[in-house]
Amino acid sequence: MTGFEPDTELVSRLSLPSHVVVLVDGRWYRGWLIGREHEETGWTGTVQYEGDDGVERTERLPADRIALPESQRPTERAS
């Protein structure tokens, strides 16, 4: 998975839960946004995803490590 574009305000706009991709240790994983919080440094999301070892993880990540999967990105219309 490459080419995802994190949006620091995305976490604040999505309904919960929402399907997302998350950047962990330099790799993108499919997962779910299950919570969010606005802190002094910006938005953080609580996400669940399955690691390479097959173990489900729940972590809090900064919004710049959370993006929409390609299948859920808005499409641009040609005019």
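These remarks concern the structure in this document. (Residues numbered from 1 in each chain as written. Predicted model: local features only at pLDDT ≥ 70, side-chain atom pairs only at ≥ 80, totals over all residues. Heavy atoms only, no water.)

1. Focus on the overall build of the protein
Alright, step 1. What the protein contains, in helices and strands, is one helix and five strands.
Alright, step 2. Of the regular secondary structure in the protein, the N- to C-terminal order runs α-β-β-β-β-β.
Alright, step 3. By residue count, 34% of the 79 residues in the protein fall in the buried class.
Alright, step 4. Long-range pairs, those at least 24 residues apart, make up 42% of the contacts in the protein with a sequence separation of at least 6.
Alright, step 5. Here the protein has roughly 5,400 Å² of accessible surface; of this, 44% comes from carbon and sulfur atoms. (Helix = DSSP H or I, 4+ residues; strand = E, 2+ residues; numbered from the N terminus. Buried < 20%, exposed > 50% of the residue type's maximum accessible area, 1.4 Å probe, protein only. Contact = heavy atoms within 4.5 Å. Areas by Shrake-Rupley, 256 points an atom, 1.4 Å probe, with all protein chains shown as cover.)

2. Structural notes on the sheet that holds strand S1 (residues 18-24)
Alright, step 1. Spatially, S4-S3-S2-S1-S5 is the arrangement adopted by the five strands of the open sheet, whose pairing is antiparallel. What marks the edges here is a single partner per strand, and that holds for strand S4 (56-62) and strand S5 (66-67).
Alright, step 2. With seven bridges joining them, strand S3 (residues 42-50) and S4 adopt antiparallel strand pairing. Across the sheet, Gly45 pairs through a bridge with Leu61, a residue of S4. (Pairing = 2+ DSSP bridges.)

3. Some points on the pattern of salt bridges
Alright, step 1. Evaluated as defined, the whole model comprises four salt bridges.
Alright, step 2. Glu37 is the partner of Arg60 in a salt bridge, and the nearest nitrogen-oxygen pair spans 3.8 Å. Remark: Glu37 occurs in strand S2 (residues 27-39) and Arg60 occurs in strand S4; sequence separation between them is 23 residues.
Alright, step 3. Across the pair Arg60 and Glu39 runs a salt bridge, and its minimum N-O distance is 2.1 Å. Within this pair, whereas Arg60 is found in strand S4, its partner Glu39 is found in strand S2, the two being separated by 21 residues in sequence. (Salt bridge = Lys/Arg side-chain N within 4 Å of Asp/Glu carboxyl O.)

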